[in-house]
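Here are the chains, one letter per residue:
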Amino acid sequence: AVGAIFIASGAAALIYEVLWLKQLGLLFGNTAQAAAATLAVFFLGLSLGARAWGHRAARSANPLRAFAGLEVAVAVSALLYFLLLDLYRALYPALAVSLRGVPGAFGAARLVLAAGILLPPAFFMGGTLPFMSQHMVRRRDQLGRTVSWLYACNTVGGALGAFAAAFVLAPSLGYFYSFAVAMALNLSVAAVAWAMSGRPTAQSEPAAAAPPSVAARHDPSLLSAVAFFSGAATLGLEVLWTRMFAQVLHNSVYSFATILVVFLISMAIGAAIAHRLWRVAQPPAVVLPVLLTIAGVAAGVSPFVFDRITGGLHYLAPSAGWWSYVTSIYANAAVVLVPPGICLGMVFPYVLGMAGEEGDESVGSTVGRLTSWNTLGSIVGSLACGFVVIETLGLWGGIRAVAASYLALAVVLLPRGDAVGVRLRVGLAAALLAVLVIFDPTRLDVVSVRSADELVREKWETGHAIVAVTQTGQHRMLKLDNYYSLGGTSATAYEEAQADIPLVIHPAPRKVFFLGLGTGITAGAALRHGVEEVTAAELIPEVVEASRRHFGPYVNGLFEDARAEVVVEDGRQYLLTTDERYDVIISDLFIPWQAGTGSLYTREHFELARSRLREGGLFAQWLPLYQLSERDFMVIARTMLEVFPQVTMWRGDFMPDHSIVALIGQEAGARLDPEAVTANFRIRRKTEDLPRDLAMAFAGLFYINNLTAHRELFAGAPINTDDRPIIEYEAPVAQREQAGGARPWFTSFPLAQFEAKLLRALPPARDPYLADLAPAERDYSLAGMDLFSAILQRDAGNEEQARKHAETFERSVPPQVYGVFRRELEKGVKQEGLP
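Participant: So what exactly am I meant to see when it comes to the overall build of the protein here?
Facilitator: Counting secondary structure elements, the protein contains 28 helices and 12 strands. Computed over C-alpha atoms, the radius of gyration of the protein comes to 30 Å, within 12% of the 28 Å expected from 2.2 N^0.38 for 835 residues, which places it in the range of a compact globule. With the principal axes as the frame, the protein shows a C-alpha extent of 100 × 55 × 50 Å. Residues counted as buried form 61% of the 835 residues belonging to the protein. Look at the contacts in the protein between residues 6 or more apart in sequence, and 80% of them connect residues 24 or more apart. On the protein, roughly 30400 Å² of surface is accessible, and the fraction owed to carbon and sulfur atoms is 60%. Each charge class in the protein can be summarised by its mean position, and for the 66 positive and 72 negative side chains these summaries are 7 Å apart.

The structure is reproduced here in C-alpha cells:
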C-alpha cells in the first residue's frame, strides 16, 4: 500500500512539473532561459522542503499522517496557483514595461513571480520522502534498503506522470482538467495514507540505532557532497542527452516526454538495484566508487551508442506511422539511455543507505538533508550544462566532461592504504584515461549533412538548440537541430513574398512587426516598402548571429538600416510586454508540430496580436501546408475567425507539394484597395510607371478567397486555446501519419479541391472583399487558381489538363505576368526542386 501511494504521489508531482513548464512558458516566454528558471525554482522548493520537513519528521508522532497532510497541502497550494496566475497575467505587462530598461531587473522579477507560484507546492512535495522514510524505517541499518525502494517507487510514479501528462491528459482534457487530475491524485493519496495512519504498526516507532556490526561511520559532509554531485551530474546529463536526441527527432511535446519517461524509468531501475545492493556483503566505501566508475564509463560510451543506432545522426524512423514512430523512439532511447541511466540511478539511493550507518541523526533528517543537497545539485547541473558546458565544450565534449567527473570522484573516494584500494585505483585511472582519450566523442559529427556536396559553413552549440548554416552549391540554408529548416537562399523570392503580400495590401504600412526572423530575408524585404520602422523578434540569439554573418547580401541591409531593430526574445512575449502598436504584424512559418510553437496558433495569441494593431491594421499568419493536415488547417482557420471579424486567405507560392498560405486578419468591412495596391507595388518595384493592371494581376494571383463568408464551413472544427492546445498535440500525430502514408498533407489535390469549393460558394464577383475592384481585376484570383492547377497537373503527369489550365491562365493575365511563370508552366516544379 505504501508503494502504491508513493507511486501515485510521484505521478502527481511530474504531472504538475510538466504542466507548469508549459503554462509558465506562455507567460514568461518559451525561451530556454525561462524554462530553466522555472525548473530551478521548482527544484529549489523541493530542496528547501526536504531540508525543513526532514528536521520535523523525527518529532512527528505519526509520520504517515503528516505525509497525508503534506499531500493535502500540495493540492491546496496548486489550487492557489490558478489565482496567482490570473493576477500575474494582469500585472505582468505593466511590470515588463517598467523594468525592461533596467539590466537584470526584468529577469529577477520573473524569478520572483515564478517563486510565488511554484515554491509553496514544491516546498510541500519536498517533505514527502523524509516523512515516508521516517514512517517506514525501523532501524538505521534498514535505511539503505527501505529508502532506495521508496525512491524507486516515487521515480516510477514520476515516469507514469510524465507519460500521462504528455500522451493522455493534456491532449484529451487540456491543462486545467489535467491539473484537477493531479490534485485528485494528491487528495486520494492523502485519504489512503490518513486511513493507514490510524493502524498501530511497528513501522511507526522511532528508528533504532544500527547494530555495532554495521555501524561503520561515513563523513556526513562527504556524503552531502556526493549527493550534490550526483544531482548535478545526473540532471546535467539529462539536459545533454535531451539535446543529443533533439538532433534526430521531430522534437514535439511527445519526443521530449519520451526521453524524460525513459530516463526516469532507468533511474527507478537503478534505485531498485541499489535496494538489492544492501544485501551484498561488500564495504560501502568500495561499492560507491565502483558505482561511480560504472556510471562514468556508461555515460562516456553513450555518444558512440547513439551515433551507431542513428547511423550518424540520421532522422529516426523517417517513414514510420505514429505508433511505430513512438515505439521506435522508446526503443532507441532505451538502448542509449537505460544502461547509463541505471548506473546514475544507483548512486544517490546508495548514498542514502551509507548515511543510514551514521547512527546519530533521525531518519527523516538524514533523508531530508541529503535529498536537499541532491536537489540543489540538480539545479546547478541543469543550468551549468544547459548554458555553460554545452557552449564552451560542445555537446559531445560536455558529455565526456561529466563522464570523466564521475571517474575522478571515484578515484578520490577510494579507500587508501590497502591492496584492494590500490588495484581499484589503477583500474579507475585506466577507465578515466579511456574516457578522456580513447572514447573521445568530439570526433563525432554534431551536424548532419544531407548530401556529399553540402558543407557546414558555421555551427553554434547552445542551450537553445544546435544552429548551423550549410551551403550546397551557391545556396545557403539555416538549420535548427539538423532537421528543422529556417529558410535559405534557394527560396529567396518566396521568403520575400511573405513580407510583400501583407505590405502590398495594407493601405499605408508604416510600422511592421515580424514574429520570427529565420534567415532575415522576409524581414529585410519589408525595408523595400517605404516603411518607417521594422521590428523583428527572434527566440534564439544564434539564429540572429547566423543571419547577420551569412545572409547579409540577402536581407536588404536589415542589420544596418536605422529603421530596423532585431530583438532577441520570444515574439509572443514581446507583444505581451510592449505598448507599441503596428500597422502590420507578420507571423512566420512555424512548423506546428515543433514543441512550443503550438502557442502561436491559439486564440489567446491571435487576440494579443489583434490588440497590438493600429486602426486599420492587419495580422498575417503564414502556414506551411506541407506540415499541416486538413484538420489542422481547419482548426487554425476557425480559431482566427473567432478573433478577427474578417479573415482572407492568400497563397505564398504555386508549388503543389510545398504550398504555403497566409491567413490575414483584419477589422470588419475591410476591402482590398486597388489604388493602395498599385501605389505599394510601385514603391516595392521602385518605379512610378508600373501599370495598375500589372499590379492588380500580381496581387490578384495570390488571393484565394474570403474565409469570413464561409464561417459555417469551419464551424465543426474545435478552437485552439492555451488551455486546450490542439495543434500542439495533434500536429505531431498528423506529421507521423503523413510519413506513414495514412494521412495526406493539405497540399496538392486536396488543396486544389478546397480552393475550388470556396470559389463555387463565393465567386470573385460576389466577394465583398473585392468589391472595389474592376470585374477583370476580381477574376485574377481565378487566374491564380488556373496557374496552380496547371503546375499541379503538370507535376502529376496530366499533360492535357495542364495545357488547358495554362492556356486559360495565359488568356487571363497580361503577357508580362505570364512570362514570370513560364518556367513553372512548362516544366512544373518537381524537376527543379524547391525554388
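Participant: Just to check I follow, could you spell out the packing of aromatic side chains for this structure?
Facilitator: Here a ring pair, both rings aromatic, is described through the centre-centre distance and the interplanar angle of the planes. Scanning the model with the defined rule gives 39 aromatic pairs in all. Their ring planes at 50° and their centres at 6.0 Å tell us that Phe6 and Phe67 sit as a pair that is tilted. Taken together, the residues Phe6 in helix 1 (residues 2-28) and Phe67 in helix 3 (residues 63-99) connect sequence positions 61 residues apart. For Phe67, a relative accessible area of 0% puts it in the buried group. A ring pair is formed by Phe167 and Tyr254, whose centres lie 5.0 Å apart and whose planes are at 50°; its orientation type is tilted.

Participant: Would you take a moment to explain the state of the cysteines for this structure?
Facilitator: Chemically, a disulfide is nothing more than a covalent bond linking the sulfur atoms of two cysteines. Scanning all chains against the criterion turns up zero disulfides. As a non-bridged cysteine, Cys385 has Cys343 as the owner of its nearest cysteine sulfur, 18 Å distant.

Participant: It is not clear to me how the nonpolar core should be interpreted in this structure. Could you clarify?
Facilitator: Note that soluble globular proteins tend to have their nonpolar side chains buried in a common cluster. Counting 120 residues, the largest nonpolar core has Phe633, Met649, Trp650, Leu663 and Phe809 as its most contacted members. Not counting residues up to four positions away in its chain, the partners in contact with Phe633 are Leu623, Leu625, Met649, Val661, Leu663, Phe714, Phe746 and Phe754. Of all hydrophobic cores here, the second largest spans 97 residues; its members include Leu150, Val226, Ala299 and Ile390.

Participant: What's the story with the sheet that holds strand 2 (residues 466-472) in this structure? I'm lost.
Facilitator: Note: strands within a sheet are paired through backbone hydrogen bonds, in either parallel or antiparallel orientation. Here four strands make up an open sheet; going across it, the order is 1-2-3-4 and the pairing antiparallel. Strands with a single pairing partner mark the edges of an open sheet, and in this sheet they are strand 1 (454-461) and strand 4 (484-488). Ignoring strand direction, the axes of neighbouring strands in this sheet form an average angle of 20°. In the sheet, strand 2 pairs with strand 3 (residues 475-480) via six bridges, with the strands oriented antiparallel. The residue bridging Ala468 from the neighbouring strand is Lys479, located in strand 3.

Participant: What should I look at first to understand the pattern of salt bridges in this one?
Facilitator: Pairing between side chains becomes possible if they bear opposite charge and their charged atoms approach one another. The tally for this structure, following the rule as stated, stands at 27 salt bridges. The partner of Glu533 in a salt bridge is Lys511, and the shortest N-O contact between them spans 3.9 Å. Taken together, the residues span a long stretch of sequence, with Glu533 in strand 6 (residues 533-538) and Lys511 in strand 5 (residues 511-515) at a distance of 22 residues. The salt bridge involving Glu777 is made with Arg692; its shortest N-O contact spans 2.7 Å. Of this pair, Glu777 sits in helix 24 (residues 775-778) while Arg692 is found in helix 20 (residues 692-702), placing the two residues 85 residues apart along the sequence. Among the ionic contacts, a cluster of salt bridges with common partners joins Glu458, Glu545, Arg548 and Arg549.

Participant: When you look at the side chain of Thr648 in this model, what are you seeing that I'm missing?
Facilitator: Relative to the helices and strands, Thr648 is located in strand 10 (residues 646-651). A distance of 2.9 Å separates polar atoms of two side chains, one belonging to Thr648 and the other to Trp650. In contact with Thr648, other than residues within four places in its own chain, are Ala662, Leu663, Ile664, Gln666, Tyr703, Asn705, Asn706, Leu707 and Tyr769.

Participant: Sorry, what's going on with the confidence of the model for the protein here?
Facilitator: Mean pLDDT over the protein: 89, with 95% of residues reaching 70 or higher. In the predicted structure, residues 831-835 sits below a pLDDT of 50 and forms 10 contacts with residues beyond four places in sequence or in another chain.

Participant: Quick question: what am I supposed to make of the pairing of strand 4 here?
Facilitator: On a regular strand, each side chain points to the face opposite its neighbour's, so the side chains alternate between the two faces of the sheet. Of all five residues making up strand 4, four are buried, and the element is well covered by its neighbours. In this structure, strand 3 lies alongside strand 4, joined through three bridges in antiparallel fashion. Across the sheet, the residue bridging to Leu480 is Tyr484, located in strand 4. Here strand 3 folds back onto strand 4 in antiparallel fashion, the turn holding three residues, of which Asp481 has a positive phi close to 50°.

Participant: Could you clarify how one ought to interpret unusual backbone geometry in this entry?
Facilitator: Comment: phi is negative for the bulk of residues other than glycine, and the bulk of peptide bonds are trans. Positive phi values are uncommon outside glycine, yet Ala317 reaches one of about 45°. Positionally, Ala317 belongs in the loop between helix 9 (284-309) and helix 10 (322-355).

Participant: Would you mind going over the sheet that holds strand 10 with me for this structure?
Facilitator: An order of 7-6-5-8-9-11-10-12 is seen for the eight strands of this open sheet, with the pairing classed as mixed. Unpaired on one side and paired on the other, strand 7 (564-568) and strand 12 (703-706) mark the two borders of the sheet. Strand-to-strand twist of the sheet, defined as the mean angle between neighbouring strand axes without regard to direction, takes the value 20°. Here five bridges tie strand 6 to strand 7, and the two strands are oriented parallel to one another. When the bridges of strand 7 are listed, Ala536 appears paired with Val566.

The rules we used
Residues numbered from 1 in each chain as written. Predicted model: local features only at pLDDT ≥ 70, side-chain atom pairs only at ≥ 80, totals over all residues. Heavy atoms only, no water. Helix = DSSP H or I, 4+ residues; strand = E, 2+ residues; numbered from the N terminus. Rg over C-alpha atoms; globule rule 2.2 N^0.38 Å. Buried < 20%, exposed > 50% of the residue type's maximum accessible area, 1.4 Å probe, protein only. Contact = heavy atoms within 4.5 Å. Areas by Shrake-Rupley, 256 points an atom, 1.4 Å probe, with all protein chains shown as cover. Lys, Arg positive; Asp, Glu negative; His and termini not counted. Charge placed at Lys NZ, Arg CZ, Asp CG, Glu CD. Phe/Tyr/Trp six-rings, centres within 6.5 Å; stacked < 30°, edge-to-face > 60°. Disulfide = S-S within 2.5 Å. Core = buried A, V, L, I, M, F, W, Y, C linked by side-chain atoms within 4.5 Å. Pairing = 2+ DSSP bridges. Axes fitted to C-alpha atoms, helices over the stretch in contact; angles between N-to-C directions. Salt bridge = Lys/Arg side-chain N within 4 Å of Asp/Glu carboxyl O. Polar contact = N/O pair within 3.5 Å; in protein donor to acceptor, adjacent residues only side chain to side chain. pLDDT = per-residue confidence, 0-100.

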